[in-house]
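What follows is the residue order along each chain.
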Amino acid sequence: LRRPERMAECLLAPACSVCVFTQSCHLGGSVAHSAACKRGWPLPNLWLGTSCENQATLDERVPHLLRCPGKRFLSLEPLLGPIDLSSYMAVETGRAGEWRPKSDLPFESKIRGVVVGGESGPGARLCKVEWIESIIDQCAAAGVPCHVKQLGSLPWDKQGQSDGVRREIWPKFKHPQGGEPSEWPAHLRVREWPR
């Protein structure tokens, strides 16, 4: 969802939140809607998420997502820049630049899952492997499940830029989106799901 502010607006409306799905509450209610309301909110099987491709979109969208009741996740795809999740998950950087857990965020405000991936298809923009590695490390430090969906059509490693010229670090993927984990280095094959 690229408009979490709209999601928050609907879910926090004075009328029953379930009306987001049935629309009957705004029309005076109905028997079916009343039965749905009795199930309670937030619905236990519903996950709310937003898509962010870089730090600017993360900082714009996540505060709206955190206002929403329920289980929350992030879709960091297509990943187009480095992302620091420390404002939204219980992690911080140590002296050596490594990610480590911190405990000043209540569990309820935490993101409970992250999906990350590079862009694919014609005109795909590059995705630096170090950005994905950082997301994996931040999620591990915070105890948040991370799922690497794909590396994208143009994964680049910082080692390929030592002389200022970008070069692919791996041979061309057989999978056009870079979505086959067997083609990736082992440390990137992270496919975790929330419980």
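Residues numbered from 1 in each chain as written. Predicted model: local features only at pLDDT ≥ 70, side-chain atom pairs only at ≥ 80, totals over all residues. Heavy atoms only, no water.

Participant: Help me out: how do you make sense of the overall build of the chain in this one?
Facilitator: Per the secondary structure count, the chain includes five helices and eight strands. Listing each helix as α and each strand as β along the chain from the N terminus yields α-α-α-β-α-β-β-β-β-β-α-β-β. Put simply, the chain has 195 residues, and 43% of those count as buried. The long-range fraction of contacts in the chain, counting pairs at least 24 apart against all pairs at least 6 apart in sequence, stands at 65%. With the model as given, the accessible surface of the chain reaches about 10,600 Å², and the carbon-plus-sulfur share is 53%. (Helix = DSSP H or I, 4+ residues; strand = E, 2+ residues; numbered from the N terminus. Buried < 20%, exposed > 50% of the residue type's maximum accessible area, 1.4 Å probe, protein only. Contact = heavy atoms within 4.5 Å. Areas by Shrake-Rupley, 256 points an atom, 1.4 Å probe, with all protein chains shown as cover.)

Participant: How do you make sense of helix H4 (residues 55-67) when you look at a structure like this?
Facilitator: An α-helical segment advances 3.6 residues per turn. Residues three or four places apart therefore align on the same side. Between the first and last C-alpha of H4 there are 19 Å, a value that for 13 residues agrees with the 18 Å anticipated at 1.5 Å per step. A bend of about 30 degrees at Arg61 is the largest found in H4, and the proline Pro63 appears one to four places after it. By the burial criterion, the buried members of H4 are Thr57, Leu58, Arg61, Val62 and Leu65. Looking at where H4 begins, the residue whose side-chain oxygen comes 3.2 Å from the main-chain nitrogen of Ala56 is Asn54. (Expected span 1.5 Å × (residues − 1). Bend = angle between axes of the 7 residues up to and from the residue. Polar contact = N/O pair within 3.5 Å; in protein donor to acceptor, adjacent residues only side chain to side chain.)

Participant: Looking at this structure, I do not really get helix H5 (residues 129-142). What am I missing?
Facilitator: Over its 14 residues, H5 extends 20 Å from the first C-alpha to the last, a length consistent with the 20 Å expected when each residue adds 1.5 Å. By the burial criterion, the buried members of H5 are Val129, Trp131, Ile132, Ser134, Ile135, Ile136, Gln138, Cys139, Ala141 and Ala142. Trailing H5 by a residue or two, Gly143 shows a phi angle of about 70 degrees, which is positive.

Participant: Before we go on, may I ask you to explain unusual backbone geometry in this structure?
Facilitator: Backbone geometry follows two general trends: most residues other than glycine have a negative phi, and most peptide bonds adopt the trans configuration. Of note, the bond from Glu77 into Pro78 is cis; its omega dihedral lies within 30 degrees of zero at -5 degrees. Counting through the fold element by element, Pro78 comes out in the loop between strand S2 (71-76) and strand S3 (91-93).

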